[in-house]
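This is what each chain is made of:
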Amino acid sequence: MNFTKKITLATLFQILFFGQIFSQNSPENFNIIPRPISISPKPGEFILNAETLIFSPKNSDWQNAVEQLVSVFQPSTGFQFSAQVLKKELSLARGNAIYFIEDESVKHPEGYQLEVQTDKIYVRARSAAGAFYAVQTLRQLFPPEINSPDLQANMVWKTPCCLIDDAPRFSWRGMHLDVGRHFFEVDFIKKYIDQLAAHKMNVFHWHLTEDQGWRIEIQKYPKLQTVAACRNETLLGIYSDSPERYDGQKYCGFYTREQIKEVLEYAKKRFVTVVPEIELPGHAQAALSAFPELGCTGGPYLAATKWGVFHEVFCAGNEKTFEFLENVLDEVAKIFPGQYIHIGGDECPKSRWRECPKCQKRMKDNRLKDEHELQSYFIRRVEKMLTKRGKKVIGWDEILEGGLAPTAAVMSWRGTEGGIAAAKQHHEVVMTPTSHCYFDYYQSDPDSEPLAIGGFLPIEKVYSYEPVPAELTADEAKYIIGTQGNLWSEYIPNPEKVEYMVWPRACATAEIAWSAKNLKDFGDFSRRLVGHFEMMKAMKINFSKAFFDVSAEFLDGKINLKSNAVGAEIRYTTDGSEPRRDDKVFSKPFVLEAKMRDFKTIRAAVFQNGEKSGKTFTQTYQLSLSTGKPYTLSKQPEKYTGGEKYALTNGISGSFKKWNLWVANEGADLDPTIDLGTEQKISRLTTHFVNARDAWIYPPRSLEVFVSDDGKTFKSIARREFSGEKFADNAVERVVLDLPEGTLARFVQVVATNFGKIPPGSAGEGNASWLFLDEIVIE
Ligand code: ACM
Ligand code: ZN
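Please read these numbers as outputs of a predicted model, since none were measured by experiment.

Observations concerning the sheet that holds strand β1 (residues 38–48)
What the seven strands build is an open sheet, ordered β1-β7-β5-β6-β4-β2-β3; its pairing is mixed. Strands at the two margins of the open sheet, each flanked by one partner only, are β1 and β3 (83–85). Neighbour-to-neighbour, the strand axes of the sheet open up by a mean angle of 20°, direction not taken into account. This element, helix α3 (residues 60–77), spans β1, β2 (53–56), β3, β4 (97–102), β6 (120–125) and β7 (157–166) of the sheet and lies at about 160° to β4.

Given below as structure tokens:
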């Protein structure tokens, strides 16, 4: 039957029997992100017009919520709203009006109730923040064009009638922005805050100081502006490129005190708390360039021109360091009204402290047993400076090392362990693990994406995050105050790219942070997201459309093609040609037919109404006896899982750009046992590992191959030792092991032994090293 006709008949049916409007108000027509606690659709609609009145309580906080509504709706509708103070004696019955009402019966301080009737909208909240969030919901009820900064002609501004009850799950719903590696002008900072607020996020974590630049004016120290705010040039390409190339352009930028105040005022009106970060004791090379006497060696230093972790840090033995930081933090604490000041604490190499007589004396005088305790001493002193000024310290999870400062809150980034440990010690925690919250990672196939730092974090993975670790008791869980997304800007030179990396992934973070846990549903989120894209378009956000991209995985030896878009039509080819609207539609996993060691390329894309929606997925597979075969590991990787169940046998090798394809363990071996299904004659095994010592990734000590016919008794058939072998740095190493002639096996185990602790003098010394392995090709 003709599809259009079917709709028409169905619609007619609804008009006759239920009334057309009511049918439109089904929950599927609401695209609100983050998802509210409850939406009850009601019959009818409210139409906003030039005569719509707005009434609100008198106090200035509430005026901010109203002002937000007016500032968003006025440019697009062209209506000159006039907000009036709601007087006690005024009846709430006056038509075509929006009423903001203080209501103690709304339990949550940030909660709200939004009631849309045919001629009135009631916003009820306990506090102005709740009213502000109701406004953000209203923005998503009207046609998305209402969010445009430009006048929209010929629109009927209507919203379906409904009753919405809503409140946030967490009090910290954050987004971070690194302005050290690249600097972003105030106008963009404001736009960024607008974008966060529209998603009911309430913390902007402003990463203001870095090795590559100090970005906040400190009036006591003008050299922070004239010297530390500049670097001589900037690295081109990716960190590991060899030889290194630089742009030769001086790069400067900082925010004046006036600009900071302007941002703070702007954020306050949007109920966003700005948390400034002043990095210490590490990531301080730009500060040292202005004040070399604060480093252990006395310099000279220059603001860094490339990315990474640098050895030059604040000297912990020099009293002048603490005097400097106290003066800096005094100004910071006076300017920023929020409760929290972020003091960094991450990635502080201890090599200079170890060689510095002042630092060593400090350790001796204070009976500190190692440099981790010296870092703890450092943080505790800084904590005191801030508590004295009525502030709370928050720092990255390294501040746990050597003992947590008594009142410090922890931002858990290297994983969840730091957050778990801090919560168990009854310290507040914000969860932001790299695995789910780092938006500088790739969001789709790196080959099809603009340059990023590495990693792989598609939106479905962001959405899958649960911020409260299962390891915590209900009491400990209360210390998890929220979650946030982080955006480090090494490879993000302009606002367009910030938006591209952040949106729509931050929509997922907003929902995790705001919405009730039991309402989490990626399918429903995806449906709403497609509608929400229209609002982001109206807001002129340069969001990524990677959501529509296709990906592939092996399922029981067959290729499965996927897209996040609900019910998407995926068309594909296996001959390397660009998929077109008349190519085969993917319906079920298929076998990739090819000869041994042959390469086979799949290309696929989502089509909507005959048009391609996202990018074309392209993947070349190399086929062997192990391709698509299942395997088991004694220690399951956590962070680098290879992206799919059979990552080691999916016919694709990891590369330097595609970190997501590698299978890796930290401080442990990798020992896959592959089941070839039936006994096979095998002659050769090829695999790859990574050697990138600056990134803490080391070659295995040895590789050994075992075979078995029953999966129980194994016999060693080949072994290679790598101890003492030199490998090119920042490179992928290919290893081929020839197996004894005539070997028959069903089960093949490869044991790659971890290098062990990182040796002294190397980046990350003393930590466990990483072992990266990918693709086990058996012939
Ligand atoms: C961090 O990513 N170094 C906190
Ligand atoms: Zn020192």
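We are not done yet, so read on.
Re the confidence of the model for the protein chain
As a general rule, the predicted coordinates of low-pLDDT regions are not to be interpreted in detail. Taken over all residues, the pLDDT of the protein chain has a mean of 92, while the share at 70 or more is 95%. Of all helices and strands in the protein chain, the one with the weakest mean pLDDT is helix α1 (residues 3–17) (38), whereas strand β9 (residues 203–207) scores best (99). For residues 1–23, every residue scores under 50 in pLDDT, and the model assigns this stretch 14 contacts once sequence neighbours within four places are set aside.

Quick look at helix α5 (residues 186–198)
Residues spaced three or four apart along an α-helix point in a common direction, a consequence of the helix completing one turn every 3.6 residues. Here α5 contains 13 residues, and its C-alpha end-to-end distance of 18 Å stays within 8% of the 18 Å for a straight helix at 1.5 Å per residue. The buried count for α5 comes to ten of 13 residues, which makes it a mostly enclosed element. Regarding α5, the residues found buried are Val186, Phe188, Ile189, Lys190, Tyr192, Ile193, Gln195, Leu196, Ala197 and Ala198. Buried residues along α5 sit in contact with α4 (128–141), β8 (172–178), β9, α7 (257–269), α17 (495–502) and α19 (522–538).

Observations regarding a negative patch on the surface
A cluster of acidic residues, Glu417, Glu471, Glu638 and Glu666, forms a negative patch on the protein surface. We classify Glu471 as partly exposed; its relative accessible area is 49%.

What about the pattern of salt bridges?
Between side chains of opposite charge, a pair can form when the charged atoms approach closely. All told, the structure shown has 51 salt bridges when counted by the stated rule. Its salt-bridge partner being Glu534, residue Lys537 comes within 3.2 Å of it at the nearest N-O pair. Of this pair, Lys537 and Glu534 are both found in helix α19, three residues apart, which corresponds to roughly one turn of the helix. Assessed through its relative accessible area of 35%, Glu534 is described here as partly exposed. With a shortest N-O distance of 4.0 Å, Arg720 and Glu725 are connected by a salt bridge. Arg720 gets classed as partly exposed once you look at its relative accessible area, which sits at 29%. With relative accessibility at 36%, the residue Glu725 sits in the partly exposed group. Here the salt bridges do not stand alone but share partners, grouping Arg35, Glu511, Asp524, Arg527 and Arg528 into one network.

Calculation criteria
- Residues numbered from 1 in each chain as written.
- Chains lettered and ligands numbered in written order.
- Predicted model: local features only at pLDDT ≥ 70, side-chain atom pairs only at ≥ 80, totals over all residues.
- Heavy atoms only, no water.
- Pairing = 2+ DSSP bridges.
- Helix = DSSP H or I, 4+ residues; strand = E, 2+ residues; numbered from the N terminus.
- Axes fitted to C-alpha atoms, helices over the stretch in contact; angles between N-to-C directions.
- Contact = heavy atoms within 4.5 Å.
- pLDDT = per-residue confidence, 0-100.
- Expected span 1.5 Å × (residues − 1).
- Buried < 20%, exposed > 50% of the residue type's maximum accessible area, 1.4 Å probe, protein only.
- Patch = residues over 30% accessible without salt bridge, like charges linked within 9 Å, V, L, I, M, F, W, Y side chains within 5 Å.
- Areas by Shrake-Rupley, 256 points an atom, 1.4 Å probe, with all protein chains shown as cover.
- Salt bridge = Lys/Arg side-chain N within 4 Å of Asp/Glu carboxyl O.
- Lys, Arg positive; Asp, Glu negative; His and termini not counted.
- Charge placed at Lys NZ, Arg CZ, Asp CG, Glu CD.

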